Every structure is written in C-alpha cells, then in structure tokens.
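Remarks on the overall topology
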Amino acid sequence: MMKKLIFAIFLMLPMVAGATDIETIKKKWDTKVISNVPTAGLAIMLERFDMTWPTAAVGDVCQVMQMGVSKKVLDPDDGYTVEVDAKNGYVESYTAGSDRQTMSACVWRRSNGHRLFAVVVSQPVDPEIEIACFYDYDPQKHTLTPEPEILDNIRPLFPTAYMSFVLPKTGKDLIVIEYSSGFTYKRIYKWNGMVPVYDRTEKEALDEDGTSPMDGGGPDMSFPVKYSGTQPTISDFITAITSQEELCESMNHLVNNWKNRRLGRPLVKGATLNLDERNGYCRFEMAFSPNEKSYVEFCYWNCKDGKHKLVAQNTGYLEGNKPIETECTGLQFYLYDNETRRLTYASDYDLGTSIRVSPVVTYSLPRQGKDIHARIHDPKRIVKILMRWNGQKFDQEQIQ
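So, a few notes on the structure that sits alongside this text. (Residues numbered from 1 in each chain as written. Predicted model: local features only at pLDDT ≥ 70, side-chain atom pairs only at ≥ 80, totals over all residues. Heavy atoms only, no water.)

**Section: the sheet that holds strand S21 (residues 372–377)**
Put simply, the rule is: When DSSP finds two or more bridges between a pair of strands, those strands are recorded as paired. The way it works is that DSSP assigns letters per residue, a run of H or I at least four long becomes a helix, a run of E at least two long becomes a strand, and they are numbered from the N terminus. Where helices are involved, their axes are fitted lines through C-alpha atoms of the stretch in contact, as for all axes, and angles between N-to-C directions lie from 0 to 180°.
Taken together, four strands build an open sheet; the order of strands is S20-S21-S22-S23 and the sheet is antiparallel. Both outer strands of the open sheet, strand S20 (360–364) and strand S23 (394–399), are each paired with one neighbouring strand and no more. Neighbour to neighbour, the strand axes of the sheet diverge by 25° on average, direction disregarded. Here S20 pairs with S21 via five bridges, running antiparallel. Counted as the bridge partner of Val361 is Ile376 from S21.

**Here we look at empty space enclosed by the protein**
Keep this limit in mind: Using only the protein atoms, space was sampled on a 1 Å grid; points where a 1.4 Å probe fits but cannot get out form cavities, open sets with protein on both sides within 12 Å along at least five of seven lines form pockets, and lining residues are those with an atom within 4 Å of a point. Grid points are joined across faces, edges and corners, and a volume is the space filled by probe spheres set on the points. Residue type decides the class: Asp, Glu, Lys and Arg count as charged, Ala, Val, Leu, Ile, Met, Phe, Trp, Tyr, Cys and Pro as nonpolar, and the leftover types, Gly among them, as polar.
According to the stated counting rule, one finds one cavity of 30 Å³ or more in the structure shown. Within this model, the largest cavity holds a volume of roughly 90 Å³. Lining the largest cavity are 15 residues, with Thr315, Gly316, Thr329, Val361 and Thr362 sitting closest to its centre. Those elements that place two or more of their residues in the lining of the largest cavity are strand S16 (308–319) and S20. Among the elements that make up the lining of the largest cavity, the one with the highest residue count is S16 (five residues). Split into classes, the residues belonging to the lining of the largest cavity amount to eight nonpolar, six polar and one charged.

**So, the packing of helix H3 (residues 42–52) against helix H4 (residues 56–67)**
For clarity, the threshold we go by: Each helix crossing is assigned a hand: it is left-handed if the near helix lies turned anticlockwise from the far helix by less than a right angle, otherwise right-handed if that turn is clockwise. Any two residues having at least one pair of non-hydrogen atoms within 4.5 Å are treated as being in contact.
Where H3 meets H4, the closest approach of the two axes is 10 Å, and the angle between their N-to-C directions is 145°. Crossing of H3 over H4 shows left-handed handedness. Residues Leu42, Ala43, Leu46, Glu47, Phe49 and Asp50 of H3 form the contact with H4, whose participating residues are Val58, Gly59, Val61, Cys62, Met65 and Gln66. A breakdown of the residues in the contact of H3 with H4 according to their chemical character gives eight nonpolar, two polar and two charged.

**Observations concerning unusual backbone geometry**
Convention followed: Each residue is assigned to one of three classes by its accessible area relative to the maximum for its type, calculated with a 1.4 Å probe on protein chains only: buried under 20%, partly exposed between the two thresholds, exposed over 50%.
Residue Asp126 is joined to Pro127 through a cis peptide bond whose omega torsion reads -10°. Note that Pro127 resides in the loop between strand S5 (115–123) and strand S6 (129–138). For Asp126, which is not glycine, the phi dihedral falls at a positive 50°. Mapped onto the secondary structure, Asp126 falls in the loop between S5 and S6. Look at Asp126 and you get exposed, because its relative accessible area is 73%. With a phi close to 55°, His142 is a non-glycine residue in the positive phi region.

**Considerations on the side chain of Asn260**
Looking at the element boundaries, Asn260 is found in helix H7 (residues 252–262). Apart from residues no more than four positions distant in its own chain, Asn260 is found in contact with Arg265, Pro266 and Val268.

**Some points on the pattern of salt bridges**
Here is the rule: Salt bridge criterion: a side-chain nitrogen from Lys or Arg within 4 Å of a carboxyl oxygen from Asp or Glu.
Under the counting rule described, the total for this entry stands at 19 salt bridges. Lys169 serves as the salt-bridge partner of Glu83, at 3.4 Å between the closest nitrogen and oxygen. Of this pair, Glu83 sits in strand S2 (residues 80–85) while Lys169 sits in the loop between strand S8 (162–166) and strand S9 (174–180); the two residues are 86 residues apart in sequence, bridging distant segments of the chain. Given a relative accessible area of 19%, Glu83 falls into the buried group. Residue class for Lys169 comes out partly exposed when judged on its relative accessible area of 36%. One salt bridge connects Arg110 with Asp136, and the closest N-O pair in it is separated by 2.7 Å. Of the two residues, Arg110 sits in the loop between strand S4 (102–109) and S5 while Asp136 sits in strand S6, which places them 26 residues apart along the sequence.

Structure (structure tokens):
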C-alpha cells in the first residue's frame, strides 16, 4: 500500500514542479527549437519535449518509458494507463473516463534521413482542449525544430467543431476527427515520405448515444449531382449543395428561396437572386434590414485535366457597409468528378486560396473571367489579393 502511495505521489511531481498549461503551449510551442537531443529515439525526444514544455500527461509517460515496460496501469480507479510500442515508435496514455490529461506521440522516418516527431496532448476540462506539435529531428544538429506549417494545412472543417488528432499506432496515416451536428468527419492524411498529405474525408452518423464507431470506414464526404443534358449547370450544382443536411445556419434563407424558385414561387421579402446560367454564376442576397444583409455567391471552373470541375461558394455578412466575420462566412470549395457525377468537399489550403490573417477577409467570385478577388480589411487599410486560376489551383498576388 505504501509503495502504491509513493508511486502515485511520484506521478504527480511533473504537474507540481512547473507544469505548463496547454493553452500556453498551443500559443508558443513553435517558437522554440529543442536542442541537445542525442538520438532519434522516441523516449529521448519525448523527454526533451517535456523538459521544454512540461505537462502532467507527458511527464507520466516519460517515467513509465524509463521503466522499460510496454504497459503500466497508473490508477486502477479510472483506468489511467500508459502503453508503449517501441517497435512502431508510438506511445499513448488513456483513461476509462476522468478529468486528467492524456497524450500520444509517434515518430515517422523521413526520406531525407531526418525524423518527424509528433506529440498530442488532450485535456477534457478547464478548458477542453487538444494540441498537436510537430518537429523535424535533425540527426546532424541533434535538434527538434518546430514545423507549424503541417498544422497550417490541417484546419477545421467547421469552426465550432472539436478537432482531434489520431496518431498512427500502426501504419503511417494521420487521422483528424471532427464532430458536428450528429456526424463524425474523419480526414485521412497519407504519409508521403516527408509529411502527412490529405487523402480523403469519411463521414458517418453518430450512434443514438452520441458516440461514433471508428473501427470501420464510412462514405466519402461527397454527394451526387443530378442533371439532364450533357453537363451540369450552376443551377444543378446549387441544387445539389442546398440539398445537403449539414449546412451553416446562414444558408437556410438560400435553401428556402432556392426551393421557391424551383417551384415557381416568389422569393420571400428582402431576398434577391441573380442567376447567370451562361457564365456559371449566381448571387443570392437576403436583406434583414436597411443596414443588415447576408449574401452567397456560386461559380465554377473547368479543371485542366478535363475530368473535374471546381465549384466555389462564397458567403458574407454585412452590418451597414462593414463586413462581419462569422463561423459561416468565407470560401467553401467542392470538386466535381465528371465520371462519378459527385461533388466532394475540397480544401482551400490545397487550392491555394487560404489567407491566414486575423482581420476580416472578404471575397468576390468571378461572374466574368476566372480570378477571385480578396480584400483584407486591416484597421488601417484595405489589402487587395488577386487569386489567379491556373486550371488546377490558385496563385496569389497582392495588387494595388
């Protein structure tokens, strides 16, 4: 009994002796290069990370790894356990349900002789938060250098959703999970020898108890486009998009008015719809008052591979003439496959349209031409960005 008590106190030491709160690590982890990392071993890299950014969860795991055991139950009451898979370069801690921190970490071998080291730390309360940190290990310099650009390409599908990282215990795929409106969205990132690269998204409904079975796949996050004739029109794309269940609240006005238009009914008061079928463009506006309105634009481009079309949706909200950023505003892209006749959600980061700034950004889709115009509403000035379509993605440049 005394040994168990001493061990429990020992496990609490990292939290007492200067543990760093996760919110601070999330803000600052990419500002420090970790030096004096003698080997590419998972244990030593994790130890150096914990010396730089100490947490209760990582500290516990480091102590268990020093014991040389593959599994250790640290607290039978809540099932707090550490499992180490040294062969596959993976370690994790978990509980059966408690308020304590947990973590996971892994190592990938890079094609240039370096290693990619990843650490994920989760905290269920005060606040509920999860962070992921990625580092390049240089065997010549013996350093761990932050690579925040990996996270730059892994952004939430839904701004209000909780995003969770599943590091590969077996295999090499990174999985990012989000839960939104009764569905689980599982994004799979394939290892290309240097970094995890987006491959696909799988969507599945949550069970009645609010859980989601993650042991099987799920349908791709795509949906069909129904049309007559040889090619779909902008109207066909809008009909397919507005028929989906998972839409932002600001889309409700468009959904209802688009349905009215298809049925030959008048639009509701305050709504206007400008449809240019020939140029593949549509703009819907909903005026709530003389000083408040929202808008949604649609257009599409033919891809140079001859097999796909790229469909864009631009949503905005104005109070007076001032743009307001909400969880629903901004760009959304869909890739249409001519063969399968399906639209699939596409990443703005992969397409080159991401603008990572804190001021509000507004966009204008092309009714004529092929380029997107963006405006960064800095408090001191408007910065204009031109996004040129090259048949595959967009190239950004600042303009006067």
